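Next come the chains, spelled out residue by residue.
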Amino acid sequence: MTLDTILQRIAATHQQHSIKCFISIQYLTKALELSGDELERLDALLNSEEPVFTNEILTSNALPFEPVARRRDWVLSHGLYPYSYFSMAQWFHESDFNEIFNYYLDLCIKHSQYLNHNLSILLAFKEGFEQITTNSQKFRFIERFTEFVTATFYQKDPLTYPLADDFILKSDLSLQEGLDAAVTQPGFWGHNLIALSWLIKHKDNLTNSQFNQLLLNVYEQCHWTFSDVEDSPVIDTLYQGELNTAVLHRNCRALLFNSSNNLHQITLAASVMHLYGQHWIKTQDKRRLISILIFYSALKR
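From a predicted model like this one, the values you see are computed outputs, not experimental measurements. (Residues numbered from 1 in each chain as written. Predicted model: local features only at pLDDT ≥ 70, side-chain atom pairs only at ≥ 80, totals over all residues. Heavy atoms only, no water.)

A. Inspection of the overall build of the protein chain at higher detail. Tallying secondary structure elements over the protein chain gives 14 helices and 0 strands in all. Helices (α) and strands (β) of the protein chain occur, in sequence order from the N terminus, as α-α-α-α-α-α-α-α-α-α-α-α-α-α. By principal-axis analysis of the C-alpha atoms, the protein chain measures approximately 65 × 45 × 35 Å. Of all 301 residues assigned to the protein chain, the portion counted as buried reaches 53%. Here the analysis covers contacts within the protein chain between residues at least 6 apart in sequence; of these, 79% occur between residues at least 24 apart. A total accessible area of about 13,700 Å² is found for the protein chain, and carbon and sulfur atoms account for 50% of it. Charge-centre separation for the protein chain: the mean point of 24 positive side chains lies 2 Å from the mean point of 33 negative side chains. (Helix = DSSP H or I, 4+ residues; strand = E, 2+ residues; numbered from the N terminus. Buried < 20%, exposed > 50% of the residue type's maximum accessible area, 1.4 Å probe, protein only. Contact = heavy atoms within 4.5 Å. Areas by Shrake-Rupley, 256 points an atom, 1.4 Å probe, with all protein chains shown as cover. Lys, Arg positive; Asp, Glu negative; His and termini not counted. Charge placed at Lys NZ, Arg CZ, Asp CG, Glu CD.)

B. Fine view of the environment of H14. For H14, the position within the fold is in the loop between α1 (3-6) and α2 (18-32). Overall, the relative accessible area of 44% leaves H14 in the partly exposed class. Residues H14 and A195 lie 181 residues apart in sequence; the distance between their C-alpha atoms is 17 Å. When sequence neighbours within four positions are dropped, the list of residues in contact with H14 reads A151 and Q155. Engagement of the side chain of H14 in a polar contact is seen with the side chain of Q15, the distance being 3.4 Å. (Polar contact = N/O pair within 3.5 Å; in protein donor to acceptor, adjacent residues only side chain to side chain.)

C. Main features of the packing of helix α10 (residues 191-201) against helix α13 (residues 264-276). The N-to-C vectors of α10 and α13 enclose an angle of 55°; their axes lie 9 Å apart at closest approach. With respect to each other, α10 and α13 are oriented oblique. In the crossing of α10 with α13, the sense of the turn from one axis to the other is left-handed. Of α13, the residues touching α10 (which contributes H191, L193, I194, L196, S197, W198, I200 and K201) are H264, T267, L268, S271, H274 and L275. Residues belonging to the contact of α10 with α13 are distributed by class as follows: 7 nonpolar, 6 polar and 1 charged. (Axes fitted to C-alpha atoms, helices over the stretch in contact; angles between N-to-C directions. Parallel < 35°, antiparallel > 145°, perpendicular 65-115°, else oblique. Left-handed = near helix turned anticlockwise from the far one by under 90°. Nonpolar A, V, L, I, M, F, W, Y, C, P; charged D, E, K, R; others polar.)

D. Layout of the packing of aromatic side chains. Per the stated rule, a full pass over the model turns up 32 aromatic pairs. Measuring from centroid to centroid gives 5.5 Å for F125 and F145, while their planes differ by 80°, and the two rings are edge-to-face. Placement of the pair is F125 in helix α7 (residues 117-129) and F145 in helix α8 (residues 135-152), with a sequence separation of 20 residues. Here the two residues F125 and F145 agree in accessibility, since each one is buried. Positioned above the aromatic ring of F211 is the side chain of K203, whose terminal nitrogen or guanidinium carbon lies 5.0 Å from the ring centre. (Phe/Tyr/Trp six-rings, centres within 6.5 Å; stacked < 30°, edge-to-face > 60°. Lys NZ or Arg CZ within 6 Å of the ring centre and 35° of its normal.)

Encoded structure:
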């Protein structure tokens, strides 16, 4: 599994997850000392959900035509393909990636989006870009990034859900309050925990204002109400056994390898491990995180 092959994988369910899985696998490989056979199993899981597309749209820094820069936002917002690829490539030629990243980060701050993919996958692309070493990787990155932003940030009617009756809007929030909300309601395949973990990982690269608003967005989504039980799982058992690194690792491995049904096994395992290791986390929270690992490792879908 390499960055080159990851950037050839295309989305099959709305947004490309492989880049986020790749960053998570790098973390898990170091933390769990994953073997070659185990990495092959995770690669097979990715392959079952996001196919490899080897065709190349962008092949050089020289574009086949000059995109009209003033129409860039219109082109991207309407998902006009293949023109969108060349408009984005032009933007990359003209601007530093951080400028482009911050443009979409501002949109994340303004709008909470179902499953928080707008945040977690955007941050994964940020980490992925920092690993690029060749022009070929950069071209594939621009292609996948273009597909991600057009699928994510320009929805005319984004999914939103009603808030719980007991939700109290806050102007400021502590990390502990954010974690409490996410472990109480982790969301579909733990997406609230996944988003919280990615946000905390990037805290030092955000202003206090940016971080606080994004934390509030995650917190609010923890209080959305759904009719589908998969979006609001009830995890009413609390792990009562011993707490140590071996227990954490054993349950992360169980989530990763007990089945091969959902690529969120990868991102959730990495996120729980990351949150568990925060110096401020309480014993009760660690028990709840282990309980969440046990719950999802038992799912067969």
